[in-house]
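# Structural overview
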Amino acid sequence: MPKVTNILIVGVGGQGTILASRILSGVVQKIGLDVKVSEIHGMAQRGGSVVTQVRYGREVASPIIPLGQADIILAFEKLEALRWLPYLKEDGGIIVNDQRIDPMPVVTGAAAYPEGAISYIQSKFAKAIVIDALDMAIQAGNSKATNVVLLGLLAKHLDIAKEVWLEVLKETVPAKHLETNIKAFEAGYSSIG
Amino acid sequence: MKLLTGNEAIARGAWEAGVVVCSAYPGTPSTEITENAAKYEEIYAEWSPNEKVALEVGIGASIAGGRALVAMKHVGVNVAADPLFTVAYTGVNGGLVLVSADDPGMHSSQNEQDNRHFGRAAKIPVIEPSDSQECKDFIKLAFEISEQFDTPVLFRITTRVAHSQSLVKLEERQNIELKEYVKNPAKYVMMPGNARRRHVAVEARLEKLEEFAETTSLNKIEWKDTKIGVIVNGITYQYVKEVLPEASILKLGMTFPLPKKLITEFAAKVDKLYVIEELDPFIEDTVRAWNIDVHGKDIFPQIGELLPEVIAEKFQARPSVPVSNLAPKETQPSDAPEAPIRPPVLCPGCPHRGLFYVLQKLKVTVAGDIGCYTLGSLPPLNAMDTTICMGASIGNAIGMEKVRGKEFARKLVAVIGDSTFIHSGITGLINTVYNKATTTTIILDNRTTGMTGHQDNPATGMTIKGEPIKEVDLALLARAVGVERVVEVDPFDVKKLERVIKEELAAEEPSVIITKRKCALIDFESDKTPCFVHEETCIGCKICLRIGCPCIVKVGEKVKIDPTQCNGCNLCAVVCPTGAIMKEGVADA
């Protein structure tokens, strides 16, 4: 089988992971590659753990990324980064948004939020990058653009021209939010990660 | 080429096939088929009150000469089974295809039944696509098969096929004329004399379909190494292609009836034969009955999805088979911090929260139903005792009362959503009155079909095409079936709600409480100013955490509200005993 790039986008329902995957898949389509995307709707939307799998290459069969095969994990939340870690390749890259959203068992006191999640991830994966994308999105003008900040950082680490990303961003985002989203994308793209 | 989900591709394929009617009841993972079909102006689309009506509408359309697509989730086919087993006898005029969206792994379902059994039981062909392109191509073929063999076709997809996106080549809509409508009672009036003759036709049709299965392009062999041969259906085709790149594959796009000759020949040419299918050994059992040596459920689980890593793991244990270099299945190393689960929750501002808070407080037994409000069963609300199927709550409550008596009914309610009530709760309510039960039924009217993503229904006053229409008056409907005590109340007015529930429980006669408030996600009129916690007034009692709102988090001994998520429903402020929670801008912090 030809080489397939596997990107796992994880977060909490309502964080905008689906738009992020739509832009990413639009970008790889634009450069003429085969792409498959898998996401689960339904119950997971209601504040649950959500995951979108994006796979692209010359030819892609399964829409599912097997355990230990993700090239990059783009995590919108720290606990979710930790949860999906077994899907990352040994030398894989992971981008973690330094945001904490307590799941209900933590709220009710039945479980504790894993305090050391980020340092653990950094100790296991040399290519881990941690950013405060929520803050950067607020700086760019809208907290809801957190997903696009993260996408900007992801773009920097993929071998696809920046212009293609911006082009797809323009096609996907409504005109009135475009300026904020371009700012957010640039912020992610030019961040230290 | 366009990137489409399986569901979008099915809608597109139906349009290209000249379909004129699409009827459905929403249900994950099938909902988007009909939502997308409704976008084509050539297709009359509707949300039916339930799956049985949806199929009956499809049957009528077919008999009248048009091509009809009917879509539902797997458990919906149970509801539609009555017309299904008889339309299998009548056959069709215009092509008729029923999409069953199964949910292996139960991402969003109450069971993981394998609906291929329906095809065999009703003696109609079952077609299974493995990606979006096949969803589109196969649905078009399904309409041709339906008309060629005078049969409804069961088009079975699974969550991964329905919700995965892959590239699809689009084509134009075929110009399909309506078939002539000729009155033909011998074919369409299924009374015993006619039905006996039709059963003969069904058996003859099945024989023809068995022959067709041998040669149809839906089934194909991909020869590679003949050390192992794998029979696959649906999504497992994609997984096996990746996990076992060297294996010969017999891909079955039509899984009922099965091609005996094709399978026998395939089996004879490979050293070892496997069937890799999710859920039940549907193909395997038949192959085994033909005395063919085959491995299947002796190796692969019958529960949940057969994900690539599951298939890889099983074959890695059998070294004679070349497996692609997938990483071995590994769980989180033991030194990793524990990751607590993140179950779905009622949204911030969800009107159901007010009701479940009161039900929990009153410690009543709650016969539950299917919808967003099923989440009221989770901690910290814990306010649900049963959930079986669509519409079951009311019947369940009646049965409980009949066993445990009228005293028990003074602490027993049935809860059911507006859409679910219309789907199949109304018959339960009629039974409450008819058979002298005294339970209280609470209809959670949030003005939409929430869990599946906000579809309209007969009680919302809007069709799928966005046309305003007279809405069902739920209170009037309850009165019409003989319930004399009917009360409407705002679920966020918890004081009144608690009083009303107590009164209605005390009454020794059937009563209906309608908790009426728009779903927070479609409510654009209410004041959404977020709430905040006044730190000095907060005594850290954590009573507000009992409402299970995801915006309220513990910070040290006290609590904080996330203003970006809060919808300003004010429920936390109402339950706070010290008045420490208030709306931003209302008082000085």
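No experiment lies behind these values; they were computed from the predicted model shown. Sequence order as written defines residue numbering, which begins from 1 separately in each chain. Lettering for chains starts from A, numbering for ligands starts from 1, and both go in the order in which the items are written. Local features in this predicted model are restricted to residues of pLDDT 70 or higher, and side-chain atom pairs are both shown and tallied only at a pLDDT of 80 or more, whereas totals for entire chains, interfaces and linings draw on every residue. To obtain the side-chain values, all non-hydrogen atoms of the structure were used and water was disregarded.

Okay, the overall build of chain A next. The helix and strand labels rest on DSSP assignments: H or I over at least four residues marks a helix, E over at least two residues marks a strand, and numbering proceeds from the N terminus. Check the secondary structure of chain A and you find 8 helices and 6 strands. Principal axes of the C-alpha set define a box for chain A whose edges measure 50 × 40 × 35 Å. Only protein chains enter the area calculation, which uses a 1.4 Å probe; residues under 20% of their type maximum are buried, those over 50% are exposed, and those in between are partly exposed. For chain A, buried positions account for 63% of its 193 residues. The contact criterion used is simple: two residues touch if any of their non-hydrogen atoms lie within 4.5 Å. Partitioning the contacts of chain A with sequence separation of at least 6, the portion at a separation of at least 24 is 63%. Surface accessibility in these figures is a Shrake-Rupley result with a 1.4 Å probe; residues are shielded only by whichever protein chains are displayed. Carbon together with sulfur atoms contributes 51% to the accessible area of chain A, which is approximately 7300 Å² in total. Positive charges come from Lys and Arg, negative ones from Asp and Glu, while His and the chain ends are left out of the count. A single reference atom marks each charge: NZ on Lys, CZ on Arg, CG on Asp, CD on Glu. Taking the average location of the 19 positive side-chain charges in chain A and that of its 19 negative ones, the two points are 3 Å from each other.

The helix and strand tally for chain B stands at 20 helices and 22 strands. Two things to know: the radius of gyration comes from C-alpha atoms, and the globule rule equals 2.2 Å times the number of residues to the power 0.38. Expected size for 589 residues packed as a compact globule is a radius of gyration near 25 Å; at 27 Å, chain B falls within 12% of this value. In terms of principal-axis extent, the alpha carbons of chain B reach across some 80 × 70 × 50 Å. Scored against the burial criterion, the 589 residues of chain B give a buried share of 60%. A sequence separation of at least 24 residues applies to 74% of the contacts in chain B between residues at least 6 apart.

Let us now look at the sheet that holds strand 17 (residues 485–489) of chain B. All names here are of chain B. In this description, strands pair whenever DSSP reports at least two bridges between them. Strand order in the open sheet formed by 5 strands is 14-15-16-18-17, with parallel pairing between adjacent strands. Either end of the sheet is taken by a strand with one partner, and the two such strands are strand 14 (365–367) and strand 17. The mean angle between the axes of side-by-side strands here comes to 25 degrees, regardless of whether they run parallel or antiparallel. Pairing of strand 14 with strand 15 (residues 412–417), which is carried by 3 bridges, proceeds in the parallel orientation. Note that in strand 15 the partner of T365 across the bridge is L412. Along the sheet, helix 15 (residues 352–362) makes contact with strand 14, strand 15, strand 16 (440–445) and strand 18 (511–516), crossing strand 16 at roughly 155 degrees. Lines fitted to C-alpha atoms define the axes, with helix axes restricted to the stretch in contact, and inter-axis angles between N-to-C directions lie between 0 and 180 degrees.

Here we take up the interface of chain B and chain A. Contacts between chain B and chain A engage 58 residues on the former and 55 residues on the latter. Together chain B and chain A conceal approximately 4600 Å² of surface at their shared face, both sides included; 60% is due to carbon and sulfur atoms. Buried surface area refers to the total accessible area, computed with a probe of radius 1.4 Å, that the two partners give up upon joining, counted for both partners together. Considering only the side of chain B, the residues that lose the most area to chain A are B:E242, B:P340 and B:R342, jointly responsible for 17% of the buried surface there. Salt bridges are defined as contacts in which a side-chain nitrogen from Lys or Arg sits within 4 Å of a carboxyl oxygen from Asp or Glu. Our count for the contact surface shared by chain B and chain A stands at 5 salt bridges.

In this section: the nonpolar core. Residues and elements named next belong to chain B. Definition used in this section: a nonpolar core is a set of buried Ala, Val, Leu, Ile, Met, Phe, Trp, Tyr and Cys residues joined via side-chain atoms within 4.5 Å. Within the largest apolar cluster, 72 residues are counted, with the highest numbers of intra-cluster contacts made by F356, L359, V415 and I501. Ranked by residue count, the leading element in this core is helix 15, at 6 residues. Residue ranges labeled as domains rest on an automatic or database domain assignment. Each of domain 3 (352–516) and domain 4 (531–583) accounts for three or more of the residues forming this core. What I501 contacts, discounting residues up to four positions off in sequence, is L355, V358, L359, L362, I442 and I513. Counting residues in hydrophobic clusters, the runner-up holds 65 residues, among them A37, I127, C135 and A142.

Another aspect to go through is the sheet that holds strand 2 (residues 21–24) of chain B. Residue and element names in this part refer to chain B. Reading across the sheet, the 7 strands line up as 3-2-4-5-7-6-12 and stay open at both edges, with mixed pairing between neighbours. Of all strands in the sheet, those bounded by a partner on one side alone are strand 3 (44–47) and strand 12 (254–256). Strand direction decides the pairing type here: strand 6 (residues 126–127) and strand 12, joined by 2 bridges, are antiparallel. Each residue of the ladder has a partner; that of V126, found in strand 12, is F256.

Turning our attention to the confidence of the model for chain A. Low pLDDT marks regions whose predicted coordinates should not be analysed in detail. One confidence number per residue, pLDDT, is output by the predictor and ranges from 0 to 100. Residues at a pLDDT of 70 or more form 96% of chain A, whose mean pLDDT is 93. Mean pLDDT values over the elements of chain A span from 91, in helix 3 (residues 104–107) of chain A, up to 98, in strand 4 (residues 70–75) of chain A.

Another point: the packing of aromatic side chains. Pairing of aromatic rings covers Phe, Tyr and the six-membered ring of Trp, with a centre-to-centre limit of 6.5 Å; geometry is then stacked below 30 degrees between planes, edge-to-face above 60, and tilted otherwise. All chains considered together, the criterion is met by 9 aromatic pairs over all chains. Look at A:F185 and A:Y189: their rings are 6.0 Å apart centre to centre, the planes differ by 25 degrees, and that puts the pair in the stacked class. Remark: A:Y189 and A:F185 occur in helix 8 (residues 175–189); sequence separation between them is 4 residues, near one turn of the helix. An aromatic cluster is built from A:W165, A:F185 and A:Y189, whose rings are joined through pairwise contacts. Any Lys NZ or Arg CZ found within 6 Å of a ring centre and within 35 degrees of that ring's normal is scored as a charge over the ring. Positioned above the aromatic ring of B:Y237 is the side chain of B:K251, whose terminal nitrogen or guanidinium carbon lies 5.2 Å from the ring centre. Seen from the ring of B:F408, B:R404 lies directly overhead, with NZ or CZ sitting 5.7 Å from the centre.

Here we take up the side chain of B:D369. Residue and element names in this part refer to chain B. Its place among the elements puts D369 in the loop between strand 14 and helix 16 (392–409). One buried charge, D369, has no salt-bridge partner; the nearest side chain with opposite charge is K73, at 12 Å. Within polar-contact distance, the side chain of D369 engages the side chain of S393 at 2.6 Å. Excluding residues that lie within four positions of it along the chain, D369 makes contacts with T374, M384, T386, T387, C389, M390, G391, A392, S393, V415, I416 and T420. N or O atoms within 3.5 Å of each other form a polar contact, as long as, within protein, one can give a hydrogen and the other can take it, and as long as residues adjacent in sequence are counted only when both atoms are side-chain atoms.

Take the domain arrangement of chain B next. All names here are of chain B. For chain B, the assigned domains are domain 1 (2–215), domain 2 (219–316), domain 3 (352–516) and domain 4 (531–583). Relative to domain 3, the C-alpha centre of domain 1 lies at a distance of 33 Å. The interface of domain 1 with domain 3 comprises 19 residues on the first partner and 15 residues on the second. Looking at the side of domain 1 facing domain 3, the largest losses of area belong to Y25, W47 and Q110, adding up to 40% of the total buried there. The interface formed by domain 1 and domain 3 holds 0 salt bridges in total.

Moving on, we come to the pattern of salt bridges. When charged atoms on two side chains of opposite charge get close, those side chains can pair. Residue and element names in this part refer to chain B. One pass over the full model with this rule turns up 46 salt bridges over all chains. Here R116 ties to E128 by a salt bridge, and the two come within 3.8 Å at their closest N and O atoms. Of this pair, R116 sits in helix 6 (residues 116–122) while E128 sits in the loop between strand 6 and helix 7 (132–149), and the two are 12 residues apart along the sequence. The pair R116 / E128 is uniform in exposure class, with both members buried. Where K227 meets D225, a salt bridge forms, and the shortest distance between an N and an O atom there is 3.2 Å. Each of D102, D114, R116, E128, R156 and E277 takes part in one network of salt bridges that share partners.

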